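Fold and contact review
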Amino acid sequence: MTKKILKALAGEKQEVPPIWMMRQAGRYLPEYRETRAQAGDFLSLCYNSDLAAEVTLQPIRRYGFDAAILFADILLLPQALGADLWFVTGEGPRLSTLQTKLDFENLRKPEEINETLAPIYETVKILSKELPRETTLIGFAGAPWTVATYMVAGRGTPDQAPAHLLKNKNPELFDDLINLLIEGTIEYLSHQIIAGAEVVKIFDSWAGSLKGNDFDKYAVEPCKKIISALKVKHPHIPIIAFPRQASNRYIGFSKQVGSDCIALDESVSAEWISQNIQVDGCVQGNLASSHMVSGGNALVDETKRIVKALSNGPHIFNLGHGITPEADPQNVQIMIDTIRTAE
Ligand code: 1CP
């Protein structure tokens with residue numbers, strides 16, 4: 001039996017598309033909030049392999065998604081490289097900032113990350129034993145540009161201005177950082193694959209703020225280098241790329257970087273995706289996560305519309321971005337029922 005997700009990633013069109021959701025293990029689920037409280041805080045949860053495996057499994061038990069995504073965070077890599085990282089409740093991540101050559105020189109080498117990240121690989125091992133046979137295990141990392149935006153600013157930023165500033169003011173230092181992150185990401189994803197991840201996804205959440213040549217240099221090139229290195233080491237592992245908000249740069253992206261699938265946010269229509277992107281292979285995403293809060297007919301209609309528009313080629317149903325804490329768990333079930341019973 002080939003798993004539904006792997007079939008889609010191999011380019012197969014299916015009557016009912018496989019389904020998973022970004023941030024499917026998260027604060028909208030009462031069982032997640034309970035396990036997180038047991039762990040103490042978010043980072044302790046990430047580094048507690050048993051509890052991280054437990055929260056990864058929770059949405060699989062509740063909804064029977066076709067894929068589980070490792071519970072971890074894109075900011076664990078900078079932490080393993082030596083940045084300080086903490087989370088402020090209700091606000092988000094905070095890191096030590098990277099502004100000077102000295103800050104950069106204080107970071108560790110890519111091959112030195114594995115000691116800190118060993119509990120994450122252990123979570124992957126537990127999951128590959130415990131997941132149902134039909135469920136695919138997805139590992140992930142942030143793309144270098146997105147991770148760099150957090151390392152430079154020390155926090156999430158609406159316009160990524162601090163990273164743009166450093167890139168323009170001190171391109172040599174910025175390129176050193178990007179190259180370190182490329183090597184670190186190859187190391188991190190490769191170890192996730194060795195531990196049992198069957199697919200990996202590269203999240204470039206802030207790719208949309210890169211324009212023109214910058215998009216080629218900092219979104220396309222790093223992703224291409226990571227994928228080509230992974231394909232040499234692990235030729236049979238499919239890779240999903242997610243250059244969020246790339247708009248017309250979504251066109252041809254998957255071919256340019258060598259990914260097996262491209263995830264798309266909700267800023268483009270399913271019909272446009274079908275005509276412009278799915279011609280190159282598997283696509284994933286697109287349902288606005290706000291429907292998981294608002295529900296009703298709009299949720300059902302939009303879900304059906306996406307399924308229909310993307311029914312002519314390989315498709316993995318997903319949201320355009322992560323599900324939010326305000327989402328109603330019932331709406332997730334309605335979405336799944338709509339997909340699995342759609343005529
Ligand atoms: O309070 C909590 O419980 C923490 C909320 C939370 C969760 C559930 C954070 C903090 N990270 C995560 C898990 C997480 N993060 C996963 C696990 C698997 C799953 O999807 O279920 C994944 C894949 C991520 C990836 C991630 N982290 C991204 C890329 C995807 C995206 O959402 O764009 C980014 C940008 C982060 C950084 C981050 N971590 C957490 C927050 C709140 C943020 C975003 C900060 C910001 O808005 O700038």
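Residues numbered from 1 in each chain as written. Predicted model: local features only at pLDDT ≥ 70, side-chain atom pairs only at ≥ 80, totals over all residues. Heavy atoms only, no water.

Okay, the sheet that holds strand S9 (residues 315–319) next. Strand order in the open sheet formed by 7 strands is S1-S4-S5-S6-S7-S8-S9, and the pairing between neighbours is parallel. Either end of the sheet is taken by a strand with one partner, and the two such strands are strand S1 (67–69) and S9. On average, each strand axis in the sheet is inclined to that of its neighbour by 25°, with strand direction left out of account. Where strand S6 (residues 239–243) and strand S7 (residues 261–264) come together, 2 bridges link them in parallel fashion. Paired with Ile240 across the strands is Cys261, a residue of S7. Against the sheet, helix H11 (residues 212–233) makes contact with strand S5 (199–204) and S6, and its axis sits at roughly 165° relative to S5, the strand it touches most. (Pairing = 2+ DSSP bridges. Helix = DSSP H or I, 4+ residues; strand = E, 2+ residues; numbered from the N terminus. Axes fitted to C-alpha atoms, helices over the stretch in contact; angles between N-to-C directions. Contact = heavy atoms within 4.5 Å.)

Moving on, we get to the side chain of Thr135. Counting through the fold element by element, Thr135 comes out in the loop between helix H7 (114–130) and strand S4 (136–142). Sequence-distant contacts of Thr135, defined by excluding residues within four places in its chain, comprise Lys3, Ile60, Phe65, Asp66, Ala67, Ala68 and Glu198.

Throughout the structure, instances matching the rule amount to 11 aromatic pairs. Taken together, a centroid distance of 5.7 Å and an interplanar angle of 80° make the contact between Phe42 and Phe71 edge-to-face. Here Phe42, found in helix H3 (residues 42–47), pairs with Phe71, found in the loop between S1 and helix H5 (76–80); they are 29 residues apart in sequence, far enough to count as distant. Relative accessible area serves as the criterion here: at 7%, Phe71 is assigned to the buried category. (Phe/Tyr/Trp six-rings, centres within 6.5 Å; stacked < 30°, edge-to-face > 60°. Buried < 20%, exposed > 50% of the residue type's maximum accessible area, 1.4 Å probe, protein only.)

Attention now goes to the site of the ligand. Around the ligand lies a shell of 22 residues, among which Arg23, Tyr32, Arg36, Ser205 and His321 are the nearest. One nitrogen or oxygen atom from the side chain of His321 is found 2.7 Å from an oxygen atom belonging to the ligand. For the ligand, whose unbound accessible area comes to 880 Å², protein coverage reaches 87%. For the shell around the ligand, the per-class residue count stands at 14 nonpolar, 4 polar and 4 charged. (Near = heavy atom within 4 Å. Polar contact = N/O pair within 3.5 Å; in protein donor to acceptor, adjacent residues only side chain to side chain. Areas by Shrake-Rupley, 256 points an atom, 1.4 Å probe, with all protein chains shown as cover. Nonpolar A, V, L, I, M, F, W, Y, C, P; charged D, E, K, R; others polar.)

All right, on to the domain arrangement of the protein then. Per the domain assignment, the segments of the protein are domain 1 (1–16 + 264–343) and domain 2 (71–254). Summarising the inter-unit geometry, the C-alpha centres of domain 1 and domain 2 are found 25 Å apart. Between domain 1 and domain 2, the contact holds 16 residues from the first and 17 residues from the second. When the buried area of domain 1 at its contact with domain 2 is split by residue, Lys3, Leu9 and Asp265 rank highest and sum to 30% of it. Summed over the shared surface of domain 1 and domain 2, the result is 1 salt bridge. With a shortest N-O distance of 2.9 Å, Lys3 and Glu198 are connected by a salt bridge. One can count 5 residue pairs in polar contact (both at pLDDT 80 or more) joining domain 1 with domain 2. Contributing elements (two or more residues each) for the side of domain 1 that touches domain 2: helix H1 (4–9) and helix H13 (270–276). (Domains from an automatic or database assignment. Buried area = accessible area lost by both parts, 1.4 Å probe. Salt bridge = Lys/Arg side-chain N within 4 Å of Asp/Glu carboxyl O.)

As a further point, take the environment of Arg305. Structurally, the position occupied by Arg305 is in helix H15 (residues 296–309). Separated by 24 residues in sequence, Arg305 and Gly281 have C-alpha atoms that sit 19 Å apart. Among residues more than four places away in sequence, those in contact with Arg305 are Ser269, Ala270 and Glu271.

Tracing the backbone through its elements, the reader meets Ser254 in helix H12 (residues 253–257). A C-alpha to C-alpha distance of 13 Å links Ser254 and Ile273, two positions 19 residues apart in sequence. Excluding its chain neighbours within four sequence positions, the residues that come into contact with Ser254 are Ser259, Asp260, Cys261 and Ile262.

Our next topic: the packing of H7 against helix H10 (residues 171–195). Close contact between H7 and H10 brings their axes to 8 Å; oriented N to C, the two are set at 35°. In the packing of H7 onto H10, the handedness of the crossing is right-handed. On H10, the residues that touch Asn114, Leu117, Ile120, Tyr121, Val124, Lys125 and Ser128 of H7 are Glu187, Tyr188, His191, Gln192 and Ala195. For the contact of H7 with H10, the residue count by class is 6 nonpolar, 4 polar and 2 charged. (Left-handed = near helix turned anticlockwise from the far one by under 90°.)

Here the focus is the pairing of strand S8 (residues 282–287). In terms of burial, S8 is largely enclosed, as 6 of its 6 residues are buried. Where S7 and S8 come together, 4 bridges link them in parallel fashion. Counterpart to Ala263 in the pairing with S8 is Gln284. One crossover worth recording links S7 to the parallel S8 by way of H13, and it is right-handed. Across 5 bridges, S8 lies against S9 in parallel orientation. Counterpart to Leu287 in the pairing with S9 is Leu319. (Right-handed = clockwise from strand over helix to strand, strands pointing away.)

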